[in-house]
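# Summary of the model geometry
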Amino acid sequence: QAAAGGDRAALRACGVHNVCRLLTRRAHGFYARDAGVALRKNLGLLRKIMCQESTKFKNVWTTHSASPIAYERGRIYMDNYQCCITSIAQQPRLIYQKSKCAKSEKIEDALLLECPLGEMLPSPSDYKASLIVLTVQNWLLRLSADSGEVLEKVYLAGSCCKFFRYLSWDTPQEVMIVKSAQNKLPAAARQAGIQQTVLFYLAVFQVLPLSFIGMLEINKKIFGNSVTDVAVSNGILIVMYSMGLVRLYNFKAILEQFMEQPVDLGQEFNWNGQVGVVGKFPFGLPCNIKITDTPPLLFEASSLENAFQIGGYPWHYIITPNKKKHKGVFHICSLKDNALAKNGIQEMKCCSLEPDWIYFHPDMSGRIIHVGPNLIKVLKLKEVKNHADQMEIAEDFTIVANRENCVNNSVTVTASGRVVKKRFTLLDDDPEQETFKIVDYEDELDLLSTVAVTQIGADGRAHLDFHCNEHGILLKSIPLKESWDVTYSHEVYFDKDLVLHIEQKPNRRFSCYVYQMVCDTARDDD
């Protein structure tokens, strides 16, 4: 509010009466008292330094583990979140190491919780980053990100549900969803003719301060027999069906319409004759939201493997026609009237083992990223000329893999002059050709990052490239020192001046490689 007031005063002082001009002047740093000016300048400087030719990324730390390795905002978690290492220091160092936990305390899922800006919070610990974790015994814990100390704990499983397994955001850093595993009856119960109508349970929490909104069940009697999964995102309940159908409902309206009785954590409560304290063992959480009738349907679409995305401006959605022969074909349609956009059928027409993929650009520009084995297309929505109510898909820019040295002749001639014809052709994602494996976006530096891999024999080589997010121009290429096996699972994180590569090998062996930015021109060989 103070910053907004300062902008309005500056606006009046300089005589600018146009919002677009004001925003442009803010981006250029005209208003020195604006809290975001220094940050924008610093990030702009960091981007320029990082993309200089003399700037290198050095492998400063490597570790191996028999348990999964996770990364969250400058912190590396190992040993089922019992060990935390900071990656922000010049060389990663230990933040805390807790004693090995029992199998009953194993963590199933975790979310990083960061302090909201401009809000008064009840506890000093709320102003520091914390980790929300879900244990195998249905405890929801809030841990200090700096020490691993338990700040809050909530017991989830009451009489209704025994297996909560997944954490996700409805509204990032505001509303959290805890989802159960799918309820399945034992084989003996099914043979006895016992029916299981409740498929999933969803517990809804407001975070910082942590408060319970309610719990609801996803029931066959309400949503149908063929439900396979559910999710909640941005106030929308997404229900998926076995035949590829996806249905959207207003989640906020469901909470308001079917809430039987609001309850608070720590409140003594009588639920169906059972008295206990909400969020305490063994009472857990009551199922206080009962959906008794099918909610109003917002939207539905049929798509292969339930693949469905919404984005762009005006709103559009992406689906694949619900037939196996259409795998790799994407339709981009208007959410308003389901009309297919002009040039709205996107297909790479590539022959590869791994399919191409498509998604709305996370930079909120409304653009679309379509990734194939050797080509990345960034697409944009724009109005059709002389038809303002119709949109078309146009190419913004492309990024092409470096395959200049790749020769794939179907006919070769031996030294003796004999003509040899190949009976096969290489796939588009053949390991011996440079192939895109990962595409990501660094929002603070406004860079599009790509990982391309070439594997010759048993030795695979990868490089991480930074591209201008606006035009796709290559700004920097970083070779990764470690060998890259395309048959393993890989994750690559690019976080300002840090690059982190997590690799999962067979037999649950994990490796983590950390690269830091260095600007020492005297050590170019590093």
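Named according to an unreviewed UniProt entry, the protein is DCA17 factor originating from Erithacus rubecula.

## Some remarks on the overall build of the protein
Of the regular secondary structure elements, the protein holds six helices and 36 strands. Evaluated residue by residue, the protein yields a buried proportion of 45% over its 526 residues. For the protein, the share of sequence-separated contacts (at least 6 apart) that also reach a separation of at least 24 residues comes to 47%. Accessible area of the protein: about 28600 Å², with a carbon and sulfur share of 51%.

## Examining the sheet that holds strand 7 (residues 130–135)
Strand pairing in a sheet relies on backbone hydrogen bonds, with the paired strands running either antiparallel or parallel. Within the open sheet, the four strands sit side by side as 6-7-8-9. Their pairing is antiparallel. The sheet is open, and its two borders are formed by strand 6 (107–113) and strand 9 (150–155), each paired with just one other strand. Averaged over all pairs of adjacent strands, the angle between their axes in this sheet comes to 20°, without regard to strand direction. Two strands pair when backbone bridges link them, and strand 8 (residues 139–144) and strand 9 are joined in this way by five bridges, in the antiparallel orientation.

## So, the side chain of E442
Looking at where E442 falls in the secondary structure, it is placed in strand 30 (residues 435–442). The side chain of E442 sits in the buried core without any salt bridge; K496 is the nearest counter-charge, 5.5 Å away. One polar contact links the side chain of E442 to the main-chain amide nitrogen of L445, over a distance of 2.8 Å. Non-local contacts of E442, meaning those with residues more than four positions away in its chain, are made with L447, F494, D495 and K496.

## Things to note about the UniProt feature "transmembrane region" (unreviewed entry) in the protein
With numbering aligned to this structure, UniProt lists the feature "transmembrane region" (unreviewed entry) at residues 198–218 and 230–249. Within the segment residues 198–218, helix and strand shares are 0% and 81% respectively, and the terminal C-alpha atoms sit 6 Å apart. Taken end to end, residues 230–249 is 0% helix and 75% strand, and its two terminal C-alpha atoms sit 11 Å from one another.

## Considerations on the nonpolar core
Core analysis: the biggest nonpolar cluster contains 29 residues, and L140, L156, M176, V178, F205 and L285 have the highest contact counts within it. With four residues, strand 12 (residues 198–206) is the single largest residue contributor to this core. Other than its neighbours up to four places away in sequence, V178 contacts L134, L140, L156, F164, Y166, L167, Y201, L202, A203 and F205. Grouped together as the second largest cluster of nonpolar side chains are 24 residues, V204, V230, L237 and L245 included.

## Structural notes on unusual backbone geometry
Put simply, L208 and P209 share a cis peptide bond, and its omega is -5°. Of note, P209 is situated in the loop between strand 12 and strand 13 (211–219). With phi around 60°, N306 is a residue other than glycine that occupies positive phi space. Following the sequence through the fold, N306 ends up in the loop between strand 19 (297–302) and strand 20 (308–311).

## Some details on the pairing of strand 20
Two elements, strand 20 and strand 21 (residues 316–319), share four bridges in a ladder whose sense is antiparallel. Bridged to I310 within strand 21 is Y317. Connecting the antiparallel pair strand 20 and strand 21 is a turn made up of four residues, with G312 showing a positive phi of about 80°.

## Thoughts on the side chain of E217
Checked against the element boundaries, E217 lands in strand 13. A polar atom in the side chain of E217 sits 3.4 Å from the side chain of N219. With residues near it in sequence (within four places) discarded, E217 still touches V198, F200, Y201, C287, I289, K290 and I291.

## Quick look at the packing of aromatic side chains
One pass over the structure, following the stated rule, counts twelve aromatic pairs. With centroids separated by 5.2 Å and ring planes inclined at 40°, the aromatic side chains of Y77 and Y81 adopt a geometry described as tilted. When the ring of F299 is compared with that of Y317, the centres are 5.0 Å apart and the planes differ by 65°; the resulting orientation is edge-to-face. Linking F299 in strand 19 with Y317 in strand 21, this pair joins segments that are 18 residues apart in sequence. Judged by relative accessible area, which is 12%, F299 ranks as buried.

## Looking at the sheet that holds strand 11 (residues 175–180)
With antiparallel pairing, the four strands of this open sheet are ordered in space as 10-11-12-13. Edge strands, defined here as strands with exactly one partner in the open sheet, are strand 10 (164–171) and strand 13. The sheet shows a mean angle of 20° between the axes of neighbouring strands, taken without regard to direction. With five bridges joining them, strand 11 and strand 12 adopt antiparallel strand pairing. By the bridge assignment, I177 is partnered in strand 12 with V204. The strands that helix 6 (residues 251–258) touches are strand 10, strand 11, strand 12 and strand 13; relative to strand 13, the one it contacts most, it runs at about 95°.

## Quick look at the state of the cysteines
Scanning the entire structure with this criterion turns up zero disulfides. Free of any disulfide, C351 has its nearest neighbouring cysteine sulfur in C350, separated by 8.0 Å.

## Re helix 6
Those residues of helix 6 not exposed but buried are F251, I254, L255 and F258. Each buried residue of helix 6 lies within a common arc of 100° when the element is viewed along its axis, so the set occupies one face. Exposed residues on helix 6 whose side chains face more than 90 degrees from its buried face are K252, E256 and Q257. Its side-chain oxygen placed 3.1 Å from the backbone nitrogen of K252, N250 serves as the N-cap of helix 6.

## Brief notes about the pattern of salt bridges
Pairing is possible between side chains of opposite charge, provided their charged atoms come close. If you walk through the whole model with that rule in mind, you get 17 salt bridges. Here D229 makes a salt bridge to K179, at a shortest N to O gap of 2.7 Å. Highlighted residues: D229 in strand 14 (residues 227–233) and K179 in strand 11, separated in sequence by 50 residues. Given a relative accessible area of 28%, D229 falls into the partly exposed group. Here D396 ties to K380 by a salt bridge, and the two come within 4.0 Å at their closest N and O atoms.

Cut-offs used in this document
Residues numbered from 1 in each chain as written. Predicted model: local features only at pLDDT ≥ 70, side-chain atom pairs only at ≥ 80, totals over all residues. Heavy atoms only, no water. Helix = DSSP H or I, 4+ residues; strand = E, 2+ residues; numbered from the N terminus. Buried < 20%, exposed > 50% of the residue type's maximum accessible area, 1.4 Å probe, protein only. Contact = heavy atoms within 4.5 Å. Areas by Shrake-Rupley, 256 points an atom, 1.4 Å probe, with all protein chains shown as cover. Pairing = 2+ DSSP bridges. Axes fitted to C-alpha atoms, helices over the stretch in contact; angles between N-to-C directions. Lys, Arg positive; Asp, Glu negative; His and termini not counted. Salt bridge = Lys/Arg side-chain N within 4 Å of Asp/Glu carboxyl O. Polar contact = N/O pair within 3.5 Å; in protein donor to acceptor, adjacent residues only side chain to side chain. UniProt positions renumbered as here; feature names shortened; annotations may be inferred. Core = buried A, V, L, I, M, F, W, Y, C linked by side-chain atoms within 4.5 Å. Phe/Tyr/Trp six-rings, centres within 6.5 Å; stacked < 30°, edge-to-face > 60°. Disulfide = S-S within 2.5 Å. Arc of directions from axis to C-beta.

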